[in-house]
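Coordinates in review
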Amino acid sequence: MLQAQVSKKVVCSPGKLSSLLTPAEDTTITNLQITGTMDVRDFITTYSFTKLDTLDISTINITEYSSNDTVGVANELPANAFHNEMFASVSLPNTIIAIGEDAFAGCFNLTSLTIPSSVTILRDYAFDDCGLIAINIPSTVQTVGYGAFMSCSKLTILNIEKGVQSIGDDCFDDCINLQTIAIAAQKIGEYAFNSCLN
């Protein structure tokens, strides 16, 4: 049975995303475009969007936020930003400089993603156990963290552009279907391609 598509566009101010959608929309919205400015609290709010399939945050700015238990850095997609989210598509802003630890870990339905050319670091486990089929790591990325793409069992095509300086240990460990690899990185960590059967 096909799910009805429910779309919404909101303009966000830091920490205010939760007030822009009703509880009913949290559980029915499938396509969401967010503009304006977000902080780590707004990414936490997305956990309640249980039917979200497509997320467009391509024009947002990410601002710093800090409290006793939550810290978010300006221009960085926060750690665990979309951990275990079920959406299939996300458009990222070209202003982010880092993708945080576990940002897309466990996103099984996410099959493709464009890493913006503004990104300089992919933190540890950023895409661990994700559904990506193909990925291009642009030349602007200096460091790809430990286990960044570990256990991406659907990943078949990998392109790492010239200019990438360091690929972390266990980075592509257990990417069992990896078939096409183009690498121009200066340093490749230990066991970076461990258990890649093809």
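Above: the structure in question.
This write-up is about the structure you can find in this document. Remember, it's a predicted structure, so these values are computed and weren't measured experimentally. Along every chain, residues carry numbers that run from 1 in the direction the sequence is written. Since the coordinates come from a predicted model, pLDDT governs what is reported: local features require at least 70, and pairs of side-chain atoms require 80 or more to be given and counted, while whole-chain, interface and lining totals use all residues. In computing side-chain values, all of the structure's heavy atoms are included and hydrogens and water are not.

Moving on to the overall build of the protein chain. Numbering of helices and strands runs from the N terminus; a helix is a DSSP stretch of H or I covering at least four residues, while a strand is a stretch of E covering at least two. Along the protein chain, the regular secondary structure elements total two helices and 16 strands. Along the three orthogonal principal directions, the C-alpha set of the protein chain runs to about 45 × 40 × 25 Å. Taken over 198 residues, the protein chain has a buried fraction of 44%. Sequence separation of at least 24 residues holds for 33% of the intrachain contacts in the protein chain that already meet a minimum separation of 6. Roughly 9,200 Å² of accessible area belongs to the protein chain as shown, and the carbon and sulfur atoms make up 49% of that amount. Burial here depends on accessible area, computed with a 1.4 Å probe over protein chains only, as a share of the maximum for the residue type. Under 20% is buried, over 50% is exposed, and the range in between is partly exposed. Throughout, a residue-residue contact means that at least one pair of heavy atoms, one from each residue, lies within 4.5 Å. Throughout, the Shrake-Rupley method with a 1.4 Å probe supplies accessible areas, and for residues the shown protein chains are the sole cover considered.

Bringing the packing of aromatic side chains into the picture now. Pairing of aromatic side chains here covers Phe, Tyr and the six-membered ring of Trp, requires ring centres within 6.5 Å, and sorts the geometry by plane angle: under 30 degrees stacked, over 60 edge-to-face, intermediate tilted. A full pass over the atoms with the stated rule returns eight aromatic pairs. Where Phe82 meets Phe104, the ring centres are 5.4 Å apart and the plane angle is 40°; that geometry is what we call tilted. Taken together, the residues span a long stretch of sequence, with Phe82 in the loop between strand S7 (76-77) and strand S8 (89-91) and Phe104 in the loop between strand S9 (98-99) and strand S10 (121-122) at a distance of 22 residues. When its relative accessible area of 0% is taken as the criterion, Phe82 is described as buried. Using a relative accessible area of 0% as the deciding quantity, one classes Phe104 as buried. Ring centres of Phe127 and Phe149 lie 4.9 Å apart, and the angle between their planes is 5°; on these two criteria the pair is classed as stacked. One end of the pair, Phe127, is in the loop between S10 and strand S11 (134-137); the other, Phe149, is in the loop between strand S12 (143-144) and strand S13 (157-160), and 22 residues separate them in sequence. Comparing Phe127 with Phe149, the two get one shared label, buried.

Moving on, we get to the sheet that holds strand S15 (residues 180-183). The three strands are arranged S11-S13-S15 in an open sheet whose pairing can be described as parallel. With partners counted over all chains shown, the strands left at the sheet margins are S11 and S15, one partner each. For this sheet, the mean inter-axis angle between neighbouring strands, taken without regard to orientation, is 5°. The criterion for strand pairing is that DSSP finds at least two bridges linking the strands in question. Judged from the four bridges that link them, S11 and S13 form a sheet pairing that is parallel. The partner of Ile137 across the bridge, within S13, is Ile160. For helices, the axis comes from a line fit to the C-alpha atoms of the stretch in contact; other axes are also lines fit to C-alpha atoms, and the angle between any two N-to-C directions lies between 0 and 180 degrees.

Tracing the backbone shows Thr46 in the loop between helix H2 (40-45) and strand S3 (54-56). Two N or O atoms form a polar contact when they lie within 3.5 Å of each other; inside protein one atom must be a possible hydrogen donor and the other a possible acceptor, and for residues adjacent in sequence the pair counts only when both atoms belong to side chains. A distance of 2.6 Å separates a polar atom in the side chain of Thr46 from the backbone oxygen of Phe43.

This part is about the pattern of salt bridges. Should their charged atoms come close, side chains of opposite charge can pair. Basic side-chain nitrogens of Lys or Arg form a salt bridge, by our definition, when they fall within 4 Å of a carboxyl oxygen of Asp or Glu. Using the criterion set out here, one finds three salt bridges in the structure. Ionic pairing is found between Glu25 and Lys8, a salt bridge with its closest N-O pair at 3.0 Å. In this pair, Glu25 sits in helix H1 (residues 23-26) while Lys8 sits in strand S1 (residues 7-12), placing the two residues 17 residues apart along the sequence. Taking the shortest distance from any N to any O, the salt bridge between Arg123 and Glu76 comes out at 2.9 Å. One end of the pair, Arg123, is in the loop between S10 and S11; the other, Glu76, is in strand S7, and 47 residues separate them in sequence. Residue classification places Glu76 among the buried residues on the basis of a relative accessible area of 12%.

Before going further, it helps to spend a moment on the nonpolar core. Residues belong to a common nonpolar core when they are buried Ala, Val, Leu, Ile, Met, Phe, Trp, Tyr or Cys residues joined through side-chain atoms within 4.5 Å. Of all hydrophobic cores here, the largest spans 53 residues; its most connected members are Leu77, Ile99, Phe104, Ile137 and Phe149. Where this core is concerned, the elements lending two or more residues are S1, strand S2 (31-38), S11 and S13. The leading source of residues in this core is S2, at three residues. Residues within four places of Phe104 in sequence aside, it is in contact with Leu77, Phe82, Phe87, Val90, Leu92, Ile99, Leu110, Leu113, Ala126, Phe127, Asp128 and Cys130.

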